[in-house]
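# Remarks on the overall topology
Listed below are the residues making up each chain.
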Amino acid sequence: GAVLLKDNVAGGVCPSKATIPGKTVIVTGANTGIGKQTAFELAKRGGNIILACRDMEKCEAAARAIRRETLNHHVNARQLDLASLKSIREFAAKINEEEERVDILVNNAAVMRCPHWTTEDGFEMQFGVNHLGHFLLTNLLLDKLKASAPSRIINLSSLAHIAGHIDFDDLNWQTRKYDPKAAYSQSKLAIVLFTKELSRRLQGSGVTVNALHPGVARTELGRHTGIHGSTFSSTTLGPIFWLLVKSPELAAQPSTYLAVAEELVDVSGKYFDGLKQKAPAPEAEDEEVAQRLWAESARLVGLEVSHVSSVREQPLPR
Ligand SMILES: NC(=O)c1ccc[n+]([C@@H]2O[C@H](COP(=O)([O-])OP(=O)(O)OC[C@H]3O[C@@H](n4cnc5c(N)ncnc54)[C@H](O)[C@@H]3O)[C@@H](O)[C@H]2O)c1
């Protein structure tokens, strides 16, 4: 464990100095943690940044802080609750109407190991927010991303995906005994599979999509677990834990790298561990699982996606 964690902080700083003037960036869950730091890094590089968050007060406060520190005034807050298909549709409709372009979409928001909660539409919370929410959001913004090509999508997964399994019989934990840890892993595995399948569908479009484990970082992600909070860190690993986990600043470097690096312009469908490309877990490479998950996800969020360039909306399944 300690060896893994030591490797974790050795991750390093984004090696690319590329700037992104005039490019429009959306970062979900950008009011705290890695998302906020990613928005900050991309604002420093001259982007037009949209912070997409659930809580508008926190979102506005983060946008103000980033504007003040970077002197980039093109940093704005917008409402997006990924636990609501309605909110996702409203957010995407506004972006499609009001923004000329979307060059970089960072699907960063997540909830980890929460109690057995469900989203507004009845999906298990972690699968619903982490995977299905971003699945729908991305699909609704695809035409804009394509029109802005070359453009990029960055999906925040996690090393935890290796413990995941896609249970097609019970994606939403309706019959199994709820296991918050396994549900998080399933959602993070789903994100890698989504990345692979989307990349396949986007071939030749100039839009790339990659998945990423940012490293283990000191953020609010462990709010439901006690891992990053007092219980675990003070009793089990104590100060060592805090030395070996990344600061949010360091953990935002891989997202920044995937968003801006010129050498990655044609790299798509890959899994990164920090700044390095790695092989994900075997189940994440299974094309049949990826295609089946795509079809199931599309059905659950009410999208019929027969072909990448024709996204039709359908009434929600019962
Ligand atoms: N921190 C780590 O050690 C670690 C490790 C591996 C992967 N990750 C991934 O990195 C990403 C960022 O996590 P973080 O560590 O900064 O955690 P964080 O909890 O600080 O940030 C997550 C953000 O997502 C937002 N969010 C949650 N539910 C939402 C919803 N329904 N609608 C909109 N936004 C919502 C939260 O409000 C928060 O701003 C996540 O995808 C996480 O899974 C983090």
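Quick note: structure is the one above.
No experiment lies behind these values; they were computed from the predicted model shown. (Residues numbered from 1 in each chain as written. Predicted model: local features only at pLDDT ≥ 70, side-chain atom pairs only at ≥ 80, totals over all residues. Heavy atoms only, no water.)

## Side note on helix H5 (residues 125-147)
With 23 residues, H5 should reach 33 Å at 1.5 Å per residue; the first-to-last C-alpha distance of 32 Å fits that figure. Along H5, the helix axis deviates most sharply at Leu 141, where the bend reaches about 50°. With 20 of its 23 residues buried, H5 lies for the most part within the structure. (Helix = DSSP H or I, 4+ residues; strand = E, 2+ residues; numbered from the N terminus. Expected span 1.5 Å × (residues − 1). Bend = angle between axes of the 7 residues up to and from the residue. Buried < 20%, exposed > 50% of the residue type's maximum accessible area, 1.4 Å probe, protein only.)

## Quick look at the sheet that holds strand E6 (residues 207-213)
The strands making up a sheet associate through backbone hydrogen bonding, with each pair oriented either parallel or antiparallel. Spatially, eight strands are ordered E3-E2-E1-E4-E5-E6-E7-E8 in an open sheet, and the strand pairing comes out mixed. Only two strands of the sheet have a single partner each, and these edge strands are strand E3 (75-79) and strand E8 (276-278). Adjacent strand axes in the sheet meet at a mean angle of 25°, parallel and antiparallel pairs treated alike. Relative to strand E5 (residues 151-156), strand E4 (residues 104-107) is paired through four bridges, and the arrangement is parallel. Its bridge partner lying in E5, Leu 105 is registered against Ile 153. Seen against the sheet, helix H2 (residues 33-44) touches strand E1 (24-28), strand E2 (48-53), E3 and E4 and runs at an angle of roughly 170° to E2. The strands touched by helix H10 (residues 253-260) are E4, E5, E6 and strand E7 (271-273); relative to E5, the strand with the most contacts, the crossing angle is about 160°. (Pairing = 2+ DSSP bridges. Axes fitted to C-alpha atoms, helices over the stretch in contact; angles between N-to-C directions. Contact = heavy atoms within 4.5 Å.)

## Overview of the site of the ligand
Contacts to the ligand come from 29 residues, most closely from Asn 108, Tyr 184, Lys 188, Ala 217 and Thr 219. Interatomic distance of 2.9 Å between a side-chain N/O atom of Thr 32 and an oxygen atom of the ligand. Within the backbone of Ala 110, a nitrogen or oxygen atom sits 3.3 Å from an oxygen atom of the ligand. Protein chains shield 97% of the accessible area of the ligand, which is 820 Å² for the free molecule. Where the shell around the ligand is concerned, the elements lending two or more residues are H2 and helix H6 (180-201). (Near = heavy atom within 4 Å. Polar contact = N/O pair within 3.5 Å; in protein donor to acceptor, adjacent residues only side chain to side chain. Areas by Shrake-Rupley, 256 points an atom, 1.4 Å probe, with all protein chains shown as cover.)

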